[in-house]
Structures are given as structure tokens and as C-alpha cells.
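Spelled out from the first residue to the last, the chains are:
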Amino acid sequence: MLLNCTDKKDTPSSIIVEVYEVEPGADSKYAKGQIKYMEQENYVGDRLINKTFYNEDQTLRGKEVYDYSETSEHPTGSKFYGPESNILSNYTYKYQDSLKIESRGFEGDGNELLRIEGFKYDIKGNLVSKTIYNSFNQKQKTFLFGHDSFGNEVTMVLLNENDDQILSEKYEIVTRTKDGEWLEKWGYLDNNKTPVTFYHKRKSE
């Protein structure tokens, strides 16, 4: 969540998340290594305008641009552009009680259905599951998410179409804001005691 900007509804801001490999550090500890991935969410006030994705060499991977109606508080859909600014897919969203419960993805700028995503939340509004279906509404995989008391994601489990576990990741938050929001965390795969990823989040205005 962004800081409260009720008096600056037109103020632009960004949230940047960087994901790093983990390397051995001093004294048998570990340290962040080479960057693997980066994404940047761009806002105007509290409204998410677009989200940009970068490769490990900082080249553009893609960009998702969100659509709004004149009266909507939340995006009604989005378009995903490739690095050559070509539209690869477009999405429509469905909401319930201000929470997105379904996304439908279509090829390019057309109406050929590619996949469906379903979302579920806990009583606090935290996302607890995302299930992906193909165009025939057949389940492909499911992501399950766990959260701490501040709403930070601290576990992720990936299931296949038969609900068998493929992998899991746990997150150790090492730096937070004064409100408990994560800024830095280590990621551990499948109960491994050594982290495989380091996540860093920063905000700019």
C-alpha cells in the first residue's frame, strides 16, 4: 500500500521490487548477488497506472497498462505490451466487494480467450489463493499465500492441476517500515535452510 496521499491525489509515485540471487557472505552468512528480476508499479495518487517488468540485464520484458472507466475506482482491465510495444494480451477484471475475483486473458488485442484466473481472499482482504485455468476452464495450477499480522506475504505454495505440491517458498522479513510493511526479505525454497533469493522494495515520489 502507498502512503496516504489524500491531499496529493495527482502526485506520481512508484514502488520498485528487485529480486536478487543469493551468494555466500562473510562469517558463514549470505549476501545478495546478481539481480534476477525487477518490476516497477507507477501510480498517480492511489491509482495504479502501469506496471513495468525488467529482465536481469535491466532490459524491458514487458509493460502492463491498466484501464479505468470514468466512474471506477479500480481498473476494469489491462493490456500487456511486449518490449517492442506490441500488444501481447489484454485482460478484463471482475470484482466483488472491491476485490478482484476474476481475470480473463485474451490474445493480443482481440477476444480469443487464453486463460482465466480466479482469486480468493481472507477476512482482512489478503490474497490467499490464485488459480489459473485454461480457455476450457480446466485448472492448470494454484498459488496459495500466507500472511503475517501486517498483511505481508510470508509463504507461497504452488500446486499442480491435481492439487499436488510442486514447490513452496517461505520469506524471512529482515527490514520493515514503522508500520510493519516489508522492505527487505530472504526467500527459502522447500524448507531449505539457505535462502535462494533476496527481495528489496523501495518507493519513490
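Since the model is a prediction, treat every value here as computed from it, not as a measurement.

(A) Representation of a negative patch on the surface. A contiguous patch of negative charge, built from E21, E23, E56 and D57, is present on the exposed surface. Along the polypeptide, E23 turns up in strand β1 (residues 12-24). Owing to a relative accessible area of 41%, E23 belongs among the partly exposed residues under this scheme.

(B) Local environment of the layout of surface pockets. Considered as a void within the structure, the second largest pocket measures approximately 190 Å³ in volume. Every residue along the wall of the second largest pocket is listed here: I101, E102, R104, I116, E117, G118, F119, K120, S129, T131, Y133 and N137. For the lining of the second largest pocket, the secondary structure elements donating two or more residues are β7 (99-107), β8 (113-121) and β9 (127-134). The biggest single contributor to the lining of the second largest pocket is β8, with five residues.

(C) Molecular detail of the pairing of strand β5 (residues 77-81). Looking at chain direction, strand β4 (residues 60-67) and β5 are connected through five bridges and run antiparallel. Paired with Y66 across the strands is S78, a residue of β5. From the end of β5 to the start of strand β6 (residues 87-96), which pair antiparallel, there are five residues, and S85 there has a positive phi angle of about 65°.

(D) The arrangement of the packing of aromatic side chains in detail. One pass over the structure, following the stated rule, counts six aromatic pairs. Each ring, one from F53 and one from F80, has its centre 5.9 Å from the other, and the planes form 45°; the classification is tilted. In this pair, F53 is assigned in strand β3 (residues 47-54) and F80 in strand β5, connecting sequence segments 27 residues apart. Ring centres 4.6 Å apart and planes at 55° place the aromatic pair W186 and F198 in the tilted group. With W186 in strand β13 (residues 182-189) and F198 in strand β14 (residues 197-204), this pair connects stretches of sequence that are twelve residues apart. Of the two residues examined, W186 and F198, each falls in the buried class. Aromatic ring contacts, followed pair by pair, group Y20, Y30, W186 and F198 into a single cluster. Its guanidinium or amino end placed over the ring of Y68, R47 lies 4.0 Å from that ring's centre, counting from NZ or CZ.

(E) The nonpolar core, seen in detail. Formed by V17, V19, I132, F143, F145, V154, M156, L158, Y171, I173, W182 and Y199, the largest nonpolar core amounts to twelve residues. Among the elements of the structure, β1, β10 (139-147), β11 (153-159) and β12 (165-176) are those that each provide at least two residues to this core. Among the elements that take part in this core, β11 stands out by supplying three residues, more than any other. Non-local contacts of Y171, meaning those with residues more than four positions away in its chain, are made with E153, V154, T155, M156, K185, W186, G187 and Y199.

(F) Structural detail: the pattern of salt bridges. Per the counting criterion, the structure on display carries ten salt bridges. Here D67 ties to K79 by a salt bridge, and the two come within 3.6 Å at their closest N and O atoms. Of this pair, D67 sits in strand β4 while K79 sits in strand β5, and the two are twelve residues apart along the sequence. The class for D67 is partly exposed, based on a relative accessible area of 28%. A relative accessible area of 22% places K79 in the partly exposed class. Where salt bridges share partners, they join E39, E41 and K51 into one cluster.

(G) A look at unusual backbone geometry. The phi angle at N137 is positive, at roughly 65°, despite the residue not being glycine. Its place among the elements puts N137 in the loop between β9 and β10. With phi around 50°, D190 is a residue other than glycine that occupies positive phi space. Tracing the backbone shows D190 in the loop between β13 and β14. Residue D190 is classed as partly exposed on the basis of its relative accessible area of 42%.

Rules of the game
Residues numbered from 1 in each chain as written. Predicted model: local features only at pLDDT ≥ 70, side-chain atom pairs only at ≥ 80, totals over all residues. Heavy atoms only, no water. Patch = residues over 30% accessible without salt bridge, like charges linked within 9 Å, V, L, I, M, F, W, Y side chains within 5 Å. Areas by Shrake-Rupley, 256 points an atom, 1.4 Å probe, with all protein chains shown as cover. Salt bridge = Lys/Arg side-chain N within 4 Å of Asp/Glu carboxyl O. Lys, Arg positive; Asp, Glu negative; His and termini not counted. Charge placed at Lys NZ, Arg CZ, Asp CG, Glu CD. Helix = DSSP H or I, 4+ residues; strand = E, 2+ residues; numbered from the N terminus. Buried < 20%, exposed > 50% of the residue type's maximum accessible area, 1.4 Å probe, protein only. 1 Å grid on protein atoms, 1.4 Å probe; cavity = no way out; pocket = protein on both sides within 12 Å on 5 of 7 lines; lining within 4 Å. Points joined across faces, edges and corners; volume = space filled by probe spheres on them. Pairing = 2+ DSSP bridges. Phe/Tyr/Trp six-rings, centres within 6.5 Å; stacked < 30°, edge-to-face > 60°. Lys NZ or Arg CZ within 6 Å of the ring centre and 35° of its normal. Core = buried A, V, L, I, M, F, W, Y, C linked by side-chain atoms within 4.5 Å. Contact = heavy atoms within 4.5 Å.

Remember that the coordinates give geometry; whether it matters functionally is a separate question.
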